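Topology and contacts: notes
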Amino acid sequence: MKLIERLNEKALVHGVPLSVHLDLTYRCNERCEHCYLEHDDRGEMNTSEIQNLLRQLAEAGVFFLTLSGGEPLVRDDCFEIIEFARALQFNVKLKTNAILIREKEAARLKALAVEQVQISLYSHRAEVHDAITKVRGSLQRTLAGIRVLRAHGLKVSVANVLMKSNASDNEAVGALAGEFGAHYMLDPTITPMIDGGIEVLRYRASAADVAAVFHNSALVGNVEQFCAPPQAIDDSILEGLPCSAGHTACYISPYGDLYPCVQFPLPCGNVRRQKFADIWRNSPQLAEVRSIRAKDLETCSACSHLGSCSRCPGLAYMEGNMRGPSSVDCEKSFLRTQIPSAAMMASGLSQRQAPRSSLVQIQLSQSKNGVASSVAAGQPIN
Ligand code: SF4
Ligand code: SF4
């Protein structure tokens, strides 16, 4: 068993929040067409609030800390926060578009021993990447950022989102990442807007493009294995947990709202009003999330894909039922194996026809005071 798996297992047994994803801001210097965020500042936590939160996270046993946004580097205190987090011994990962990373910033990230920098890159062609980010010159600046980070020996992960407009570019982006010596991640999931709007879903890649990715050995490794029919369901699968959200991981917004995951918009408390440890231990919402085993899932528990499906409870929640199927994952299971899911059969749908009108997203807080390649299971990239 790998060290990380052993750590997760121990964290689960002892109820430790091993990983926290903290968005420092929703503001951004790009305007990506598929982005689920609303970019106005609705009262972000200030430096001392974040430092206080980081102290609480350290006390609670958090080790992996992902700092993201929006674009975290638009905050003047971003490096101050990273420095504070490193002094508390967090393993820090930074998600950024790298537009603001030049020699000085890269040297500072290296000096702070940031574990990894994840950078959004949508195409190797400026006309495609810049059209997605809506910032002219953004591709060149992002590539320059990657180059200088790699020159300083930092681990870089290039994160791409498969969309209609860049579907034909993903192999070239992977090759470019390889040239930089960076890890490459491709995510076919586009989530609704933070205000519940589903207009961004129109940028989703076609079923044929997603299927092509799933059958591309450069991206998924062993295609036969990746697209194999699902394994038989046994007790260990039925007793399994849906994912780490709320068990060993959680997400905190720039306004202090805590959710099981960045892609699971179930409000569980607010760190401005409550201690982090109180929310983590006593939130009824987290207790409910933690009570769910695969055997409790409506429809999914009787689905042949249960053991291999990437089913995201957050996406299921956005469709109205955290115990229900996630149509995006039903589609992925189908496109991998050509075997319809239980949900598709129950509704008489074939593919890509799942209803989306009931999707919701994270409600904005009124409170003032997250060279190898992989296909992501569904974590949004921003
Ligand atoms: S993205 Fe979905 S499957 Fe992944 S950890 Fe979050 S809630 Fe779970
Ligand atoms: S394929 Fe669909 S119904 Fe089957 S387990 Fe996955 S989300 Fe549930």
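**Remarks on the overall build of the chain**
The secondary structure content of the chain amounts to 16 helices and 10 strands. Here the C-alpha atoms of the chain give a radius of gyration of 20 Å, agreeing with the 21 Å that 2.2 N^0.38 yields for 382 residues. For the chain, the spread of C-alpha atoms along the principal axes amounts to about 55 × 50 × 40 Å. The buried share among the 382 residues of the chain stands at 46%.

**Structural notes on the nonpolar core**
Within soluble globular proteins, side chains that are nonpolar tend to cluster in buried spots. Of all hydrophobic cores here, the largest spans 98 residues; its most connected members are Leu 65 and Val 158. In this view, Val 158 contacts Ile 119, Leu 121, Val 173, Ala 177, Ala 182, His 183, Tyr 184 and Met 185; residues no more than four positions away in its chain are not counted.

**Points about the site of ligand 2**
Taken together, the neighbourhood of ligand 2 is formed by 15 residues, with Cys 300, Cys 303, Cys 309, Cys 330 and Ser 341 sitting nearest. Secondary structure elements with two or more residues in the shell around ligand 2: helix 15 (327-337) and helix 16 (342-347). Per element, the largest residue contribution to the shell around ligand 2 is three residues, and it comes from helix 15.

**What about the confidence of the model for the chain?**
Close inspection of predicted coordinates is inappropriate for parts of the model with low pLDDT. Across the chain, the average pLDDT comes to 90, with 90% of residues at 70 or higher. Counting contacts from residues 354-371, a segment whose pLDDT is below 50, to residues more than four positions away or on other chains yields 52 contacts. When the criterion is pLDDT under 50, residues 376-382 qualifies, and its contacts beyond four places in sequence or with other chains add up to 28 contacts.

**Thoughts on helix 3 (residues 78-87)**
Of all the residues in helix 3, the buried ones are Cys 78, Ile 81, Ile 82 and Ala 85. The buried residues of helix 3 occupy an angular sector of 100° when projected down its axis, which confines them to one face. Packing partners of the buried residues in helix 3 comprise helix 2 (47-60), strand 2 (64-68) and strand 3 (91-96). Once helix 3 ends, the next one or two residues include Gln 89, with phi positive near 75°.

**Looking at the packing of helix 2 against helix 3**
The geometry of helix 2 relative to helix 3 is characterised by a closest axis approach of 10 Å and an angle of 20° between their N-to-C directions. Here helix 2 lies roughly parallel to helix 3, going by the angle between them. Relative to helix 3, helix 2 is oriented so that their crossing is right-handed. Facing Thr 47, Ile 50, Gln 51 and Leu 54 of helix 2, the residues of helix 3 in contact are Glu 80, Ile 81, Phe 84 and Ala 85.

**Quick notes on unusual backbone geometry**
Its identity is not glycine, yet Ala 113 carries a phi of approximately 55°, on the positive side. Exposure remark for Ala 113: the 10 C-beta atoms within 10 Å place this residue in the exposed category. Positive phi, normally seen in glycine, also occurs at Gln 338, with a value near 65°. Here Gln 338 lies in the loop between helix 15 and helix 16. Residue classification places Gln 338 among the exposed positions, given that 11 C-beta atoms sit within 10 Å.

**Some details on the environment of His 129**
With respect to the element layout, His 129 can be found in helix 5 (residues 126-133). The exposure class of His 129 is buried, given the 25 C-beta atoms found within 10 Å. With residues near it in sequence (within four places) discarded, His 129 still touches Leu 121, Tyr 122, Ser 123, Ser 138 and Leu 139.

**Describing the pairing of strand 5 (residues 156-161)**
Of all six residues in strand 5, five are buried, a share of seventy percent or more. The pairing of strand 4 (residues 116-120) with strand 5 spans four bridges and is classified as parallel. What sits directly across from Ser 120, in strand 5, is Ala 159. Direction of pairing for strand 5 relative to strand 6 (residues 183-187): parallel, over a ladder of five bridges. For Ser 157, the partnering residue across the bridge sits in strand 6 and is His 183.

**A word on helix 1 (residues 3-14)**
The terminal C-alpha atoms of helix 1, which comprises 12 residues, lie 17 Å apart, in line with the 16 Å expected from a rise of 1.5 Å per residue. Here helix 1 lies mainly on the outside; one of its 12 residues are buried. Just beyond helix 1, the residue with positive phi is Gly 15, at close to 65°.

Scoring rules and cut-offs
Residues numbered from 1 in each chain as written. Chains lettered and ligands numbered in written order. Predicted model: local features only at pLDDT ≥ 70, side-chain atom pairs only at ≥ 80, totals over all residues. Helix = DSSP H or I, 4+ residues; strand = E, 2+ residues; numbered from the N terminus. Rg over C-alpha atoms; globule rule 2.2 N^0.38 Å. Buried ≥ 20, exposed ≤ 12 C-beta atoms within 10 Å, placed from the backbone. Core = buried A, V, L, I, M, F, W, Y, C linked by C-beta atoms within 7 Å. Contact = placed C-beta atoms within 7 Å. Near = placed C-beta within 6 Å. pLDDT = per-residue confidence, 0-100. Arc of directions from axis to C-beta. Axes fitted to C-alpha atoms, helices over the stretch in contact; angles between N-to-C directions. Parallel < 35°, antiparallel > 145°, perpendicular 65-115°, else oblique. Left-handed = near helix turned anticlockwise from the far one by under 90°. Pairing = 2+ DSSP bridges. Expected span 1.5 Å × (residues − 1).

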